[in-house]
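Working through the structure, step by step
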Amino acid sequence: LPCEAAHCTSGIPENEIKLLTAEIERLKNFGCLGVSPSLEGLRDENAKLKYRLNFLKKSLQEERSKSTKSMININSCLQEIFGAAIQAAYPDLENPPLVVTPSQQPKFGDYQCNSAMGISQILLKTREQKVSPREIAEKIAKNIPANECIEKVEIAGPGFINVHLRKDFVSKQLSSLLISGVQPPAIGKRKKVVVDFSSPNIAKEMHVGHLRSTIIGESMCRLFEFAGYDVLRLNHLGDWGTQFGMLIAHLQDKFPDYLTVSPPIGDLQAFYKESKRRFDTEEEFKKRAYQCVVLLQSKNPDFIKAWNLICDVSRREFQKIYNCLDITIIERGESFYHEMMKDIVKEFEDKGFVQVDDGRKVVFVPGFPVPLTIMKSDGGYTYDTSDLAALKHRLCEEKADILIYVVDSGQSVHFQTVFAAGQMIGWYDPKVTRVAHAAFGVVLGEDKKKFKTRSGDTVRLIDLLEEGLKRAMDKLKDKERDKVLTPEELKAAQTSVAFGCIKYADLSHNRLNDYVFSFDKMLDDRGNTAAYLLYAFTRIRAIARLANIDEQMLRKAAREEVLILDHEKEWKLGKCILRFPEILQKILEDLLLHTLCDYLYELATTFTEFYDSCYCVEKDRQTGQIVKVNMWRLLLCEATATVMAKGFDILGIKPVQRM
């Protein structure tokens, strides 16, 4: 045993060896060393010791490798601790369940480990051992390794392990947050993420249907960037294909001098509708449109110029939307992949995956009833071909570790088929590379039907944003904010509220579900809305200002003050602030951003409870003069605001100092 202990500590600095030695002493106190009557028992205790020493060694090495500024994910830390305890208690158990969650009620501690019930079931099924979950929980608790975060554990009910955190640990983490700012948890190797989002069609205006992809995709990119990933944001524009034949033919008829004089296409939507009507009713025009497609795809210079003119008009309109919503995105439309499509078809043919069906070249993917059409009977390519080419380029040229497609749920089967085809041909291994369709539901009107104008047309996105600005200003004037804010502050508050509310209304709903679009609900300053959160944020930021405490004083206090967490509301707020990294980690895994919105709302309401119960600034009731500033509480205010600001940034919401 001493040899094993010495082996485990080799190469570790002296202060860390002391920690390991202390752990050995702790094990002696549990009777784990030198007391087993049999050789088998000795081996079992030896295994336990090794597990626990290796856990400590691993934890210490990980700590050294992490940035000192990284925020600690408390849930992950507890999972490591309980994982080691379970392994030490049941060394022969493969993949035991590991369930650690925040407690819902203070009387049950701060976190709970609920693994005992699952282990009880496994022992019964695999070994026919009937062991009560409570007995298992007690055994796990006895094997918890030395750590800096757990004050005590209690066994409750049938086998729940209630975990109480150490106050000095929580206080230390809050101080670190205030000194270093909100930092992402350590993610290990820097990975490349490609996010495909927004993706409107050229010559068609962006409508409310594009709103969800644009907003959700932008927030996902912001989250991955904050977490330290290398993110490529791609706008897979519909900028190629049959519709350009009819658009170019109509352009030639309406603006015959387009090669020398830039055509004044003011309303691209009307231009598209005119050309579509002619395509559907005029046979000669239809034939010429198909000829235009052939000439475009053969890269005829005059037709390429016409195509570019139409694309440029669309780009300018799209950019107005992106500027309003603060969207950053790189255009890489279907045309980008056109030259690759021939090689895609050949690769599938060479591998023997292609079948000919009525002149079309199709690929059947096992498990999917509808084949992919990679070449039409006239030799043209399809969406299937361009999506396969895009998939291969992102995997093999961009060398992405994670691919995310933010596209509506109606495309689920299509994308699952394309992804499966990519696996089938060997472009990627799903165990190594993550390829995900982040699907979302449709936007509904208040009548619970697809969101449309009264005339039945699709709602233009620019109209919706302008309506949001108008209603936000009306709301601010109703509150008489125009009387206390400067014109510049009022304008900033208007855009913050309008665009923040539109984004938050979308992101606060589970993206998998449809959601009802309602300006009245999203502009309400009560409940889980951006208006409420933005107002709460400005109030929090104003507390220190009204106490005449500036940023420099707060920074100095963060380094010198100990955050006292004696009041139950201080303790509750401190723990809530520190849950931020585990919230982000969860979203990185499931891509469900409403979790962040729910957390920010919980943080704001928890802060309100704290502020109502704990005086940050004490004033003389007669004169109103400040008699005492409780600095540690102001630091809790600052920590809350700092986390909220980062949450807003990830959601693409811009708070203001005065509102």
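So, a few notes on the structure that sits alongside this text. (Residues numbered from 1 in each chain as written. Predicted model: local features only at pLDDT ≥ 70, side-chain atom pairs only at ≥ 80, totals over all residues. Heavy atoms only, no water.)

All right, on to the overall build of the protein chain then. In terms of regular secondary structure, the protein chain is built from 24 helices and 16 strands. Looking at the 659 residues of the protein chain, the share that counts as buried comes to 50%. Of all intrachain contacts in the protein chain linking residues separated by at least 6 positions in sequence, the fraction that spans at least 24 positions is 73%. (Helix = DSSP H or I, 4+ residues; strand = E, 2+ residues; numbered from the N terminus. Buried < 20%, exposed > 50% of the residue type's maximum accessible area, 1.4 Å probe, protein only. Contact = heavy atoms within 4.5 Å.)

Once that is clear, we can look at the packing of helix H19 (residues 530-546) against helix H24 (residues 631-651). Close contact between H19 and H24 brings their axes to 9 Å; oriented N to C, the two are set at 145°. Of the two possible hands of crossing, H19 and H24 adopt the one that is left-handed. Taking contact as the criterion, the partners of Leu 533, Leu 534, Phe 537, Ile 540, Arg 541, Ile 543 and Ala 544 in H19 are, on H24, Leu 634, Cys 637, Glu 638, Thr 640, Ala 641, Thr 642, Met 644, Ala 645 and Phe 648. Split into classes, the residues belonging to the contact of H19 with H24 amount to 12 nonpolar, two polar and two charged. (Axes fitted to C-alpha atoms, helices over the stretch in contact; angles between N-to-C directions. Left-handed = near helix turned anticlockwise from the far one by under 90°. Nonpolar A, V, L, I, M, F, W, Y, C, P; charged D, E, K, R; others polar.)

Along the polypeptide, Leu 600 turns up in helix H23 (residues 594-613). Residues Leu 600 and Thr 640 lie 40 residues apart in sequence; the distance between their C-alpha atoms is 9.7 Å. Setting aside anything within four residues of it in sequence, one finds Leu 600 in contact with Leu 533, Val 643, Met 644, Gly 647, Phe 648 and Leu 651.

As a further point, take the sheet that holds strand E9 (residues 360-363). Spatial ordering of the open sheet is given by E8-E9-E10, a layout of three strands whose pairing is antiparallel. Strands with a single pairing partner mark the edges of an open sheet, and in this sheet they are strand E8 (354-357) and strand E10 (372-375). Along the sheet, successive strands turn relative to each other by an average axial angle of 45°, direction set aside. Two elements, E9 and E10, share three bridges in a ladder whose sense is antiparallel. Paired with Val 362 across the two strands is Thr 373, which belongs to E10. (Pairing = 2+ DSSP bridges.)

Okay, the sheet that holds strand E5 (residues 192-196) next. The five strands lie next to each other as E7-E6-E5-E11-E12, forming an open sheet whose pairing is parallel. Pairing within the sheet leaves two strands with one partner each, and these edge strands are strand E7 (330-331) and strand E12 (434-437). Here four bridges tie E5 to strand E11 (residues 402-405), and the two strands are oriented parallel to one another. Of the residues in E11, the one forming a bridge with Val 193 is Ile 402. Across the sheet, helix H14 (residues 383-397) lies against E5, strand E6 (230-235), E11 and E12, angled at about 155° from E11, the strand it touches most.

We now examine the pairing of strand E3 (residues 150-156). Here E3 pairs with strand E4 (residues 160-165) via six bridges, running antiparallel. Note on E4: the bridge partner recorded for Lys 152 is His 164. Following E3, the chain reverses through three residues before pairing antiparallel with E4; Gly 157 in that reversal takes a positive phi of roughly 55°.

Attention shifts here to the layout of surface pockets. Its boundaries defined by the atoms lining it, the largest pocket holds a volume of some 1200 Å³. What lines the largest pocket is a set of 42 residues, and nearest its centre among them are Ser 199, Asn 201, His 207, His 210 and Asp 408. For the lining of the largest pocket, the secondary-structure elements that each account for two or more residues are helix H8 (208-226), helix H10 (268-281), H14 and helix H15 (412-424). With five residues, the single largest contributor to the lining of the largest pocket is H8. (1 Å grid on protein atoms, 1.4 Å probe; cavity = no way out; pocket = protein on both sides within 12 Å on 5 of 7 lines; lining within 4 Å. Points joined across faces, edges and corners; volume = space filled by probe spheres on them.)

Note on placement: Asn 235 falls in strand E6. For Asn 235, a relative accessible area of 4% gives the class buried. Looking at Asn 235, its side chain comes within polar contact range of the side chain of Tyr 322, at 3.0 Å. The residues touching Asn 235, leaving out its near neighbours within four places in the chain, are Phe 197, Ser 198, Ser 199, Pro 200, Tyr 322, Ile 329, Ile 330, Glu 331, Arg 332 and Gly 333. (Polar contact = N/O pair within 3.5 Å; in protein donor to acceptor, adjacent residues only side chain to side chain.)

On to the pairing of E8. In the sheet, E8 pairs with E9 via four bridges, with the strands oriented antiparallel. The residue bridging Val 354 from the neighbouring strand is Val 363, located in E9. From the end of E8 to the start of E9, which pair antiparallel, there are two residues, and Asp 358 there has a positive phi angle of about 55°.

This part takes up H14. With 15 residues, H14 extends 20 Å from end C-alpha to end C-alpha; this agrees with the ideal 21 Å at 1.5 Å per step. For H14, the buried fraction is high: 11 of the 15 residues fall into the buried class. Every buried residue of H14 is accounted for by Asp 384, Thr 385, Ser 386, Asp 387, Leu 388, Ala 389, Ala 390, Leu 391, His 393, Arg 394 and Leu 395. Of the residues flanking the start of H14, the one acting as N-cap is Thr 382, its side-chain oxygen 3.1 Å from the backbone nitrogen of Asp 384. Trailing H14 by a residue or two, Lys 399 shows a phi angle of about 55°, which is positive. (Expected span 1.5 Å × (residues − 1).)

This paragraph deals with unusual backbone geometry. Phi at Asp 358 is positive, roughly 55°, even though this residue is not glycine. Residue position: Asp 358 is located in the loop between E8 and E9. Phi at Lys 399 is positive, roughly 55°, even though this residue is not glycine. With respect to the secondary-structure elements, Lys 399 resides in the loop between H14 and E11. Classification of Lys 399 by relative accessible area gives exposed; the value is 58%.

Next up on the list: the packing of aromatic side chains. Using the criterion set out here, one finds 16 aromatic pairs in the structure. Considering the side-chain rings of Phe 224 and Tyr 229, the 5.2 Å spacing of their centres and the 80° angle between planes classify their relative orientation as edge-to-face. Using a relative accessible area of 1% as the deciding quantity, one classes Phe 224 as buried. Measuring from centroid to centroid gives 5.7 Å for Tyr 532 and Tyr 601, while their planes differ by 70°, and the two rings are edge-to-face. Residue Tyr 532 is located in helix H19, and its partner Tyr 601 is located in helix H23; the two are separated by 69 residues in the primary sequence. In textbook terms, an aromatic cluster arises when at least three aromatic residues are bridged by ring pairs, as seen for Phe 348, Phe 353 and Trp 427. Above the plane of the ring of Tyr 90 lies Lys 139, whose end atom (NZ or CZ) is 4.6 Å from the centre. (Phe/Tyr/Trp six-rings, centres within 6.5 Å; stacked < 30°, edge-to-face > 60°. Lys NZ or Arg CZ within 6 Å of the ring centre and 35° of its normal.)

Turning our attention to H23. With 20 residues, H23 should cover 28 Å at 1.5 Å per step; its first-to-last C-alpha distance of 29 Å lies within 8% of that length. For H23, the complete set of buried residues consists of His 594, Thr 595, Leu 596, Cys 597, Tyr 599, Leu 600, Leu 603, Ala 604, Thr 606, Phe 607 and Phe 610. Its buried side turned inward, H23 meets helix H17 (487-507), H19, helix H21 (568-578), helix H22 (580-590) and H24.

So, on to the pattern of salt bridges. Enumeration according to the criterion identifies 46 salt bridges in this entry. Put simply, Lys 361 and Glu 349 hold a salt bridge, and the shortest N to O gap is 2.6 Å. You can see Lys 361 sitting in strand E9 and its partner Glu 349 sitting in helix H13 (residues 338-350), a full 12 residues away along the chain. With a relative accessible area of 23%, Lys 361 lands in the partly exposed category. On the basis of relative accessibility, which here comes to 34%, the residue Glu 349 falls in the partly exposed class. A salt bridge links Arg 541 to Glu 638, with the shortest nitrogen-to-oxygen separation between them at 3.2 Å. (Salt bridge = Lys/Arg side-chain N within 4 Å of Asp/Glu carboxyl O.)

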